[in-house]
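# Understanding the architecture of this molecule
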Amino acid sequence: MEESSAYKIKGMISYPCCANEKVLVYENTVGYSSCKCPRCGKYAIFDYDRMTSRPSAAIRGATRKLNR
């Protein structure tokens, strides 16, 4: 992916389990997302409005339910 000056960076959020792993957040990003840590494999929920993260458990079968 090319770096573009059209996207301004809002900040970075660290994973709650591994402080060295971070998520880059762009301006005008709102809401939540769930991501798996690339280092340890644990899940975290990221709040882009408050720029925070918290640990979470995996929701089994969520992708199957959403694809229906």
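Residues numbered from 1 in each chain as written. Predicted model: local features only at pLDDT ≥ 70, side-chain atom pairs only at ≥ 80, totals over all residues. Heavy atoms only, no water.

Take the pattern of salt bridges next. Under the defined criterion, the tally for this structure stands at two salt bridges. Residue Arg 39 pairs with Glu 21 through a salt bridge whose shortest N-O separation is 3.4 Å. Here Arg 39 is found in the loop between β3 (32-36) and β4 (43-47), whereas its partner Glu 21 is found in the loop between β1 (9-14) and β2 (22-26), with 18 residues between them in sequence. Overall, Arg 39 belongs to the exposed group, its relative accessible area being 52%. A salt bridge links Arg 50 to Asp 47; the nearest nitrogen and oxygen atoms lie 3.3 Å apart. (Salt bridge = Lys/Arg side-chain N within 4 Å of Asp/Glu carboxyl O. Helix = DSSP H or I, 4+ residues; strand = E, 2+ residues; numbered from the N terminus. Buried < 20%, exposed > 50% of the residue type's maximum accessible area, 1.4 Å probe, protein only.)

Remember that side chains alternate between the two faces of the sheet whenever the strand is regular. Where β3 lies against β4, five bridges are found, and the strand directions are antiparallel. Directly across from Tyr 32, in β4, lies its bridge partner Asp 47. (Pairing = 2+ DSSP bridges.)

With that settled, the discussion passes to the nonpolar core. Judged by nonpolar contacts, Ile 13, Tyr 15, Cys 18, Val 23, Val 25, Cys 37, Ala 44, Phe 46 and Tyr 48 together constitute the single largest core of nine residues. Every element with two or more residues in this core is listed here: β2 and β4. Ignoring sequence-local partners within four residues, the contact set of Phe 46 consists of Ile 13, Ser 14, Tyr 15, Val 23, Gly 31, Tyr 32, Ser 33, Cys 35, Thr 52 and Ser 53. (Core = buried A, V, L, I, M, F, W, Y, C linked by side-chain atoms within 4.5 Å. Contact = heavy atoms within 4.5 Å.)

Relative to strand β5 (residues 52-56), β4 runs antiparallel, the two being bridged by five bridges. Directly across from Ile 45, in β5, lies its bridge partner Arg 54. Hairpin connection between β4 and β5: a loop of four residues separates the two successive antiparallel strands, and Met 51 in this loop has a positive phi of roughly 60°.

As a further point, take the layout of surface pockets. Its boundaries defined by the atoms lining it, the largest pocket holds a volume of some 190 Å³. Contributing to the lining of the largest pocket are Ser 34, Tyr 43, Ile 45, Ser 56, Ala 57, Ala 58, Ile 59, Arg 60, Ala 62 and Thr 63. Counted by class, the lining of the largest pocket contains six nonpolar, three polar and one charged residues. (1 Å grid on protein atoms, 1.4 Å probe; cavity = no way out; pocket = protein on both sides within 12 Å on 5 of 7 lines; lining within 4 Å. Points joined across faces, edges and corners; volume = space filled by probe spheres on them. Nonpolar A, V, L, I, M, F, W, Y, C, P; charged D, E, K, R; others polar.)

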